Amino acid sequence: MDRTIHVHHLSMTYRVPVRQEGLGAALRSLIHRSYRELAAVDAVSFDLFAGEIVGFIGPNGAGKTTTLKMLSGILHPTGGDADILGFQPWKRQPAFLRRIAIIRGSQPIGGPVELTVMDSLRLQQLIYDVDDRAFKRNLGQLNAMLDLRTLLDRQIRALSLGERMRCGLALNLIYRPEVLFLDEPTIGMDASVVETTRQFIAAYCQETAATVLLTSHYMADVERLCRRVILMDKGTVRYDGDLRTLSERLSPYKILRVSLVGAKALDLSSFGEVDEAENGTYDIRVGRRDVPSVTARLLADFPVTDLAVLEPPLDRVIDRAYRTGVA
Amino acid sequence: MKLLRLSCAIFAMSLKADLAHRSNILFQVLLSLAAAGSSLITVQIIFSRTDHLGGWTLHEAVILFGTFTILGGILLTFVEPNVLWFHQRVIAGQLDEVLVKPAPSLFLLSLGRHAPLGLVQAVIGAVIVAWGISLSGDAFPVWRGLVWLTLLAVAAVITWVTRVLVALISLWVPGLALDVVYDGAWQFGRYPVTMYRQPARFVLTWVLPVAFITTVPARALTRGVSPQLLGASLAFGFVAIMILRLVWMSGLRRYTSATS
């Protein structure tokens, strides 16, 4: 696979003014200002390869968005280097900008809101030098995937959040970028729009082999789209690897979901810690190694109507990673 | 060439959006007429008491006011939609959108949005200039008109530069909005700078270059200007663009965007 993104010791340090509390300190700070160095991103390194969709996760303030902004050329780092498709992002060369897109769920469309969606797409065509043939072909494909027909002649200001996201995706993908930076793409959306967006991202990447770096606080986004995750905390990379491996490392147990004949409450604590019990269905925490033996005992001792072995919810795994770190 | 095509496309799309609201057009025409009418009445009142204002006769003052109105229309159409409340865009991190596009960021930032109805004011300004010419009763040579048009273009550039420079201050002082201050300074342009005493005249020529924006173009049409002054105006316009570019590049280094 071709390497599309190479990040080496990338750093961003802000110099922020600080002062003690109280009016006296505020007055003194007018003459003698004190500053503190704040490392938003601290020597971050990773590589991404063509066609990869990588989850870029971490708690608020971990440095994810700052990293995305440096990689898309918006911010100039204070240290380190990055190479994307052979370009240094912060030089913002047109040839580079034509091949990347950054899409923010909080602000999916940035241009003038009084224009119609079609006018905005035409403007993108001009800015990104997309020829007419490619424009029509790409628009046809995006239309099929995002169902834009009823939106094209509407003003952007009149669109709902979900419609804005669909149009924002179309506006940013009409020129077929090879690298996508997706910053919370499903934030604030209802369940059906979230699923549509996820399906679209997966389909787009499969079709174009685009490389995607995705930040999201919704672990369902990450679970659905990414095999690999990079976990950031306090500006540094704490984990970079397979999502399943991270889950196994942080959660040394699985969930056995077992449904039994009859709704009578039973004591199953001898098999493991019972998380939930409702209408004859039980979620039992079982150590990964013990799953086969416990399953066999359950099947032998009880009239089981259904049994499933589940990974623990990713939200809990990641929450644990944020709170206790990755060993 | 790409920037010209982009400008035309943005203007056409914005015009299409504006034309969808007929009441907006009507109000814009009425407001522009009311503003121009009240200013012209003021000029008439002044000249009912005197024959000259800073060395300018009535028809010359009318031409100057028409030039000022044309430039006001250009400012309203092409620049103001981009820089009004600019500090809020800086604070909200909305400059990101222009920084990731493969076109000159300064162009997209300062000329990327248009309000075509503002041109109603420019048309009214052109009518006022024509009226001023007719008031003089003299024949104006064509070359004077061409020099006036050239200096009008330079004035438009200087207007754009000064307005954007004022907006860019918020890259250094994000909480500072100087829109109202600029508007106040802009109003000095409706009268000839010779009307003001020193040091105000110096300030209005070299610090807030109101002289190059309205007085010099209007003087070119009424009495003509020397080749030296024409050259100085062109050089001033060029230097202004260079200064704007430098300030933008410098300010951009201070831009920290916003959190998500």
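What counts as what
Residues numbered from 1 in each chain as written. Chains lettered and ligands numbered in written order. Predicted model: local features only at pLDDT ≥ 70, side-chain atom pairs only at ≥ 80, totals over all residues. Core = buried A, V, L, I, M, F, W, Y, C linked by C-beta atoms within 7 Å. Buried ≥ 20, exposed ≤ 12 C-beta atoms within 10 Å, placed from the backbone. Helix = DSSP H or I, 4+ residues; strand = E, 2+ residues; numbered from the N terminus. Contact = placed C-beta atoms within 7 Å. Domains from an automatic or database assignment. Pairing = 2+ DSSP bridges. Axes fitted to C-alpha atoms, helices over the stretch in contact; angles between N-to-C directions. pLDDT = per-residue confidence, 0-100. Nonpolar A, V, L, I, M, F, W, Y, C, P; charged D, E, K, R; others polar. Expected span 1.5 Å × (residues − 1).

1. A closer look at the nonpolar core
Ranked by internal contacts, the top residues of the largest apolar core, which has 133 residues, are Val54(A), Ala170(A), Leu214(A) and Val229(A). The leading source of residues in this core is helix H3 (residues 58–83) of chain B, at 14 residues. Setting aside anything within four residues of it in sequence, one finds Leu214(A) in contact with Ile53(A), Val54(A), Gly55(A), Phe56(A), Leu182(A), Asp221(A), Leu225(A) and Cys226(A). One finds Val258(A), Phe271(A), Val286(A) and Leu298(A) within the second-largest nonpolar core, a separate group that totals nine residues.

2. A few points about the domain arrangement of chain A
One frequent convention defines the size of an interface as the accessible area lost when the parts assemble. Along its sequence, chain A is carved into domain 1 (3–9 + 44–247) and domain 2 (252–310). Distance between the C-alpha centres of domain 1 of chain A and domain 2 of chain A: 41 Å.

3. Some words on the sheet that holds strand S5 (residues 100–104) of chain A
Residues and elements named next belong to chain A. As summarised here, the arrangement of the six strands in space is S5-S6-S7-S3-S8-S9, forming an open sheet in which the pairing is mixed. The open sheet has two free edges, formed respectively by S5 and strand S9 (236–242), since each of these has just one partner strand. For this sheet, the mean inter-axis angle between neighbouring strands, taken without regard to orientation, is 15°. Both S5 and strand S6 (residues 179–183) contribute to a ladder of five bridges, which runs parallel. Paired with Ala101 across the strands is Leu180, a residue of S6.

4. A closer look at the sheet that holds strand S11 (residues 273–278) of chain A
Residue and element names in this part refer to chain A. Read across the sheet, four strands follow the order S11-S12-S10-S13 without closing on themselves; strand pairing throughout is antiparallel. The outermost strands of the open sheet, each flanked by one partner alone, are S11 and strand S13 (304–310). This sheet shows a mean twist of 20° between the axes of neighbouring strands, independent of strand direction. As paired strands, strand S10 (residues 253–260) and S13 are joined by six bridges and run antiparallel to one another. Bridge assignment links Arg257 to a residue of S13, and that residue is Ala308.

5. Observations concerning unusual backbone geometry
Note the cis peptide between Gln198(B) and Pro199(B), where omega equals 5°. Turning to its location among the elements, Pro199(B) is positioned in the loop between helix H9 (179–186) and helix H10 (200–207). In this model, His9(A) sits at a positive phi of 50°, which is unusual for a non-glycine residue. The phi dihedral of Asp129(A) is positive, around 55°, even though this residue is not glycine. Structurally, Asp129(A) can be placed in the loop between helix H4 (117–127) and helix H5 (132–146). Classification of Asp129(A) by C-beta neighbours within 10 Å gives partly exposed; the count is 13.

6. Concerning the confidence of the model for chain B
When pLDDT is averaged across chain B, the result is 87; 99% of the residues are at 70 or more. ipTM for the predicted complex: 0.80, alongside a pTM of 0.81.

7. Description of the pairing of S5(A)
Counted residue by residue, S5(A) has five buried out of five residues, so it is predominantly covered. Taking every second residue as pointing to the same face, both faces of S5(A) are buried, with Ile100(A), Ile102(A) and Arg104(A) on one and Ala101(A) and Ile103(A) on the other.

8. Remarks on the interface of chain B and chain A
Taken together, the 20 residues of chain B in the interface contact 28 residues of chain A. A total of six residues in the side of chain B that touches chain A trace back to one element, the largest contributor, which is helix H1 (residues 2–19) of chain B. Looking at the side of chain B that touches chain A, its residues break down into nine nonpolar, five polar and six charged.

9. Some remarks on the pairing of S9(A)
Residues and elements named next belong to chain A. In terms of strand pairing, strand S8 (residues 228–233) meets S9 through six bridges, oriented antiparallel. Pairing of Ile230 across the sheet is with Asp240, part of S9. Taken together, S8 and the strand that follows it, S9, pair antiparallel across an intervening segment of two residues, in which Lys234 is found at a positive phi of about 50°.

10. Brief notes about helix H12 (residues 227–254) of chain B
Residue and element names in this part refer to chain B. With 28 residues, H12 should cover 40 Å at 1.5 Å per step; its first-to-last C-alpha distance of 41 Å lies within 8% of that length. Every buried residue of H12 is accounted for by Ser233, Phe236, Gly237 and Ala240. Residues of H12 that are buried make contact with helix H8 (142–168) and helix H11 (210–222).

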